[in-house]
Amino acid sequence: MPCYRCGTRQVDPEPGKPSPWHRGVVREHQVLICPDCHPTARADLTRCSRCESVRLVKRLDQVECLDCRLTRDAGPDPAVPAPRGTDSDLAAEVASALARILGP
């Protein structure tokens with residue numbers, strides 16, 4: 001899943017180190033946020049109605065706050081926030097990987 005703001009794809013962190021990427025909820029959808037976009041993306045993130053935290057996750061049509069553990073049903077399905085990157089970049093990556101594995 002790419003960063004919802006810039007479209008950068010997440011890569012595996014160095015062995016033994018945590019990922020610098022963040023999760024959040026925007027318009028009732030779980031999103032990933034790259035380290036570069038995180039400071040500005042905080043304004044877009046949905047906040048907990050009890051404690052105002054942005055540390056929310058969506059699971060099985062419920063949104064849970066990781067700080068105070070408040071759980072609520074997710075609202076109706078609004079438009080999915082589309083990454084600002086392009087799908088053609090991903091298509092090119094996949095084509096390149098297939099060509100390396102399968103040959104020309």
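Please refer to the structure higher up on the page.
Quick caveat, the model's predicted, so the values are computed rather than measured. (Residues numbered from 1 in each chain as written. Predicted model: local features only at pLDDT ≥ 70, side-chain atom pairs only at ≥ 80, totals over all residues. Heavy atoms only, no water.)

Remarks on a nonpolar patch on the surface
Put simply, the test is: The patches reported here contain residues having more than 30% relative accessible area and no salt bridge. Joining distances are 9 Å for like charges and 5 Å for nonpolar side chains (Val, Leu, Ile, Met, Phe, Trp, Tyr). Surface accessibility follows the Shrake-Rupley procedure with a 1.4 Å probe radius. Residue values consider only the protein chains on display as shielding. Any Lys or Arg side-chain nitrogen found within 4 Å of a carboxyl oxygen on Asp or Glu counts as a salt bridge. Counting from the N terminus, the helices are the DSSP runs of H or I reaching at least four residues and the strands are the DSSP runs of E reaching at least two.
Among the surface-exposed residues, Leu90, Val94, Leu98, Ile101 and Leu102 lie close enough to one another that they form a single nonpolar patch of about 500 Å² accessible area. Take Leu102: it is sitting in helix 2 (residues 87–102).

Things to note about the sheet that holds strand 5 (residues 71–73)
Applicable threshold: The rule for pairing is simple: two strands pair if DSSP sees at least two bridges between them. Simply put, an axis is a line fit to the C-alpha atoms, just over the touching stretch for a helix, and the angle between two N-to-C directions goes from 0 to 180 degrees.
Strand order in the open sheet formed by three strands is 3-4-5, with antiparallel pairing between adjacent strands. With one partner strand each, in any of the chains shown, strand 3 (56–59) and strand 5 form the two edges of the open sheet. Between one strand and the next, the sheet's axes are offset by a mean angle of 25°, whatever the strand orientation. For strand 4 (residues 62–65) and strand 5, the ladder comprises three bridges, and the chain directions are antiparallel.

Regarding the pairing of strand 2 (residues 29–33)
Short version of the rule: Burial status follows relative accessibility: with a 1.4 Å probe on protein chains alone, a residue under 20% of its type maximum counts as buried, one over 50% as exposed, and anything between as partly exposed.
For strand 2, the tally of buried residues reaches four of five residues, placing the bulk of the element in the interior. Two elements, strand 1 (residues 22–26) and strand 2, share five bridges in a ladder whose sense is antiparallel. Among the inter-strand pairings, Arg23 is bridged to a residue of strand 2, identified as Leu32. Where strand 1 folds back onto strand 2 in an antiparallel hairpin, the turn is made up of two residues, including Arg27, whose phi is positive at roughly 50°.

Section: the side chain of Glu28
Stated formally: Counted as a polar contact is a pair of N or O atoms within 3.5 Å, where, for protein atoms, one must be capable of donating a hydrogen and the other of accepting one, and residues adjacent in sequence contribute only when both atoms are in side chains.
Topologically, Glu28 is positioned in the loop between strand 1 and strand 2. Residue classification places Glu28 among the buried positions, given a relative accessible area of 14%. Among the polar contacts made by the side chain of Glu28, one reaches the main-chain amide nitrogen of Gly75 at a distance of 2.8 Å.

Quick word on unusual backbone geometry
Look at Glu28: it is not a glycine, yet its phi comes out positive at around 70°. We note that Glu52 has phi near 70°; this positive angle belongs to a residue other than glycine.

Some points on the pattern of salt bridges
A side chain with one charge may pair with a side chain of the opposite charge, provided their charged atoms come close. Considering all chains together, one arrives at six salt bridges under this definition. Between Asp67 and Arg55 there is a salt bridge; the shortest N-O distance is 2.5 Å. Of the two residues, Asp67 sits in the loop between strand 4 and strand 5 while Arg55 sits in the loop between helix 1 (38–41) and strand 3, which places them twelve residues apart along the sequence. Owing to a relative accessible area of 43%, Asp67 belongs among the partly exposed residues under this scheme. The exposure class assigned to Arg55 is partly exposed, which follows from its relative accessible area of 42%. For Glu64, the salt bridge goes to Arg69, with nearest N and O atoms at 3.1 Å. Judged by relative accessible area, Glu64 falls into the buried class, the value being 16%.

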